[in-house]
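Secondary and tertiary structure notes
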Amino acid sequence: MTVLLAVSSCLMVGTPADAAAGAVKKKGVSAWNFTGVTQAMADARVGWFYTWSSDRQQIRPPAGVEFVPMIWGAASVTDTQLDTARREGRTLLGFNEPDLSAQAGMSPGRALDLWPRLQSTGMRLGAPAVAGGGDRAGGWLDQFMKGAAARHYRVDFIPLHWYGSDFRADAATAQLRSYLQATYDRYRKPIWLTEYALIDFSSGTPRYPTPQQQAAFVTKSAAMLQGLPFVERYAWFTLSADRGGTGLYKGATPNRMGAAYRAAG
């Protein structure tokens, strides 16, 4: 496992908000607005949330739950969105899965050209969240991080996404831990796991585990994430069960996975 200390040492150090970020509960959730969202968020006992947007999407979070804005893609790099992000939060998430054409879809060079606009907010700043390969030499994230170091840009932490196709809770948790460790060893920056769940995408049509299997993974993985000191925050995909097979709540009522996530952390 190669440790690219040169990359991390060349990047600018974190902002003073780093210390404040550590005071927020690690467990969070991704969310869109739905009936019961505030009650579900309170029941899940999360410390923070995001909406894939620079604003809260009209969600009223429970008291004490922090909103973290995101600049989703190239079209989101506008004065209006950046001003909204700065007004709504202290920490900013970078582009969403720029390594996938169906998501933010941009080259590392394009992301680097836009990065000074995000950096100009003065907010604590997370790297673009790649869909995969964050630990791979020469991968999308590796190219971006090397380019950021060369240009003396600031990157304070590394957001990651991870979806497991092995539905055995112990094995999946070990695989997730290995990926997080390898990515941390490469960049030596705090990790935010901003999307994760068990979904098998190998056949082209998503295949989901049973609720029992998913709940067992929630319990095992959250315990692991809570214990990893370099994982600063994590967020399950996603709060609402209205879309896909990994959501935690139907309205304000938890399903089996939701009850497991509520008990975690």
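Here, every reference points to the structure presented above.
Described below are features of the structure shown in this document. Quick caveat: nothing in here was measured; it's all calculated off a predicted structure. (Residues numbered from 1 in each chain as written. Predicted model: local features only at pLDDT ≥ 70, side-chain atom pairs only at ≥ 80, totals over all residues. Heavy atoms only, no water.)

**Description of the overall build of the protein**
- Secondary structure summary: the protein contains 9 helices and 10 strands in total.
- Counting only C-alpha atoms, the protein reaches 45 × 40 × 35 Å along its principal axes.
- Expressed as a percentage of its 265 residues, the buried residues of the protein come to 56%.
- Accessible surface, the protein: about 10,700 Å² in total, of which carbon and sulfur atoms supply 52%.
- On the protein, the mean spot of the 28 positive side-chain charges and the mean spot of the 20 negative ones are 4 Å from each other. (Helix = DSSP H or I, 4+ residues; strand = E, 2+ residues; numbered from the N terminus. Buried < 20%, exposed > 50% of the residue type's maximum accessible area, 1.4 Å probe, protein only. Areas by Shrake-Rupley, 256 points an atom, 1.4 Å probe, with all protein chains shown as cover. Lys, Arg positive; Asp, Glu negative; His and termini not counted. Charge placed at Lys NZ, Arg CZ, Asp CG, Glu CD.)

**Digging into helix α6 (residues 140-151)**
- For α6, which comprises 12 residues, the first-to-last C-alpha distance of 17 Å matches the rise-based estimate of 16 Å (1.5 Å per residue) to within 8%.
- Buried residues of α6: Trp-140, Leu-141, Asp-142, Phe-144, Met-145, Gly-147, Ala-148 and Ala-149, and no others. (Expected span 1.5 Å × (residues − 1).)

**Considerations on the packing of aromatic side chains**
- Scanning the model with the defined rule gives 20 aromatic pairs in all.
- Here the aromatic rings of Trp-115 and Phe-144 are separated by 5.0 Å at their centres, their planes lie at 75°, and the arrangement is edge-to-face. In this pair, Trp-115 sits in helix α5 (residues 108-119) while Phe-144 sits in helix α6, placing the two residues 29 residues apart along the sequence.
- Exposure remark for Phe-144: the relative accessible area of 0% places this residue in the buried category.
- Ring centres of Tyr-163 and Phe-237 lie 6.0 Å apart, and the angle between their planes is 85°; on these two criteria the pair is classed as edge-to-face. Highlighted residues: Tyr-163 in strand β6 (residues 158-164) and Phe-237 in the loop between β8 (231-236) and β9 (249-250), separated in sequence by 74 residues.
- The class of Tyr-163 is partly exposed, set by a relative accessible area of 21%.
- Within the aromatic cluster, the residues linked to one another by ring pairs are Trp-32, Trp-48, Tyr-50, Trp-52, Phe-157, Tyr-163, Trp-192, Phe-201 and Phe-237.
- Its guanidinium or amino end placed over the ring of Tyr-261, Lys-27 lies 5.2 Å from that ring's centre, counting from NZ or CZ. (Phe/Tyr/Trp six-rings, centres within 6.5 Å; stacked < 30°, edge-to-face > 60°. Lys NZ or Arg CZ within 6 Å of the ring centre and 35° of its normal.)

**Some words on the side chain of Gln-214**
- Take Gln-214: it is sitting in helix α8 (residues 211-227).
- A relative accessible area of 0% means that Gln-214 is categorised as buried.
- A polar atom in the side chain of Gln-214 sits 3.1 Å from the backbone nitrogen of Leu-198.
- Those residues in contact with Gln-214 that sit more than four places away from it in its chain are Ala-197, Leu-198, Pro-209, Trp-236, Gly-245, Thr-246 and Met-257. (Polar contact = N/O pair within 3.5 Å; in protein donor to acceptor, adjacent residues only side chain to side chain. Contact = heavy atoms within 4.5 Å.)

**A look at the layout of surface pockets**
- In this structure, the largest pocket spans a volume of roughly 470 Å³.
- Along the walls of the largest pocket sit 23 residues, with Glu-97, Tyr-163, Glu-195, Phe-201 and Phe-237 positioned nearest its centre.
- Counting residues per element, the lining of the largest pocket draws most heavily on β6, which supplies 3 residues.
- Classifying every residue of the lining of the largest pocket gives 13 nonpolar, 7 polar and 3 charged. (1 Å grid on protein atoms, 1.4 Å probe; cavity = no way out; pocket = protein on both sides within 12 Å on 5 of 7 lines; lining within 4 Å. Points joined across faces, edges and corners; volume = space filled by probe spheres on them. Nonpolar A, V, L, I, M, F, W, Y, C, P; charged D, E, K, R; others polar.)

**Side note on unusual backbone geometry**
- Note that the residue after Phe-237, namely Thr-238, is joined by a cis bond; omega there is 0°.
- Position of Thr-238 relative to the elements: it lies in the loop between β8 and β9.
- Backbone geometry places Arg-45, a non-glycine residue, at a positive phi of 60°.
- With respect to the helices and strands, the residue Arg-45 is situated in the loop between α3 (37-44) and β2 (48-50).
- Residue Arg-45 is classed as partly exposed on the basis of its relative accessible area of 48%.
- Its identity is not glycine, yet Trp-52 carries a phi of approximately 65°, on the positive side.
- Within the secondary structure, Trp-52 is located in the loop between β2 and β3 (66-67).
- Look at Trp-52 and you get buried, because its relative accessible area is 16%.

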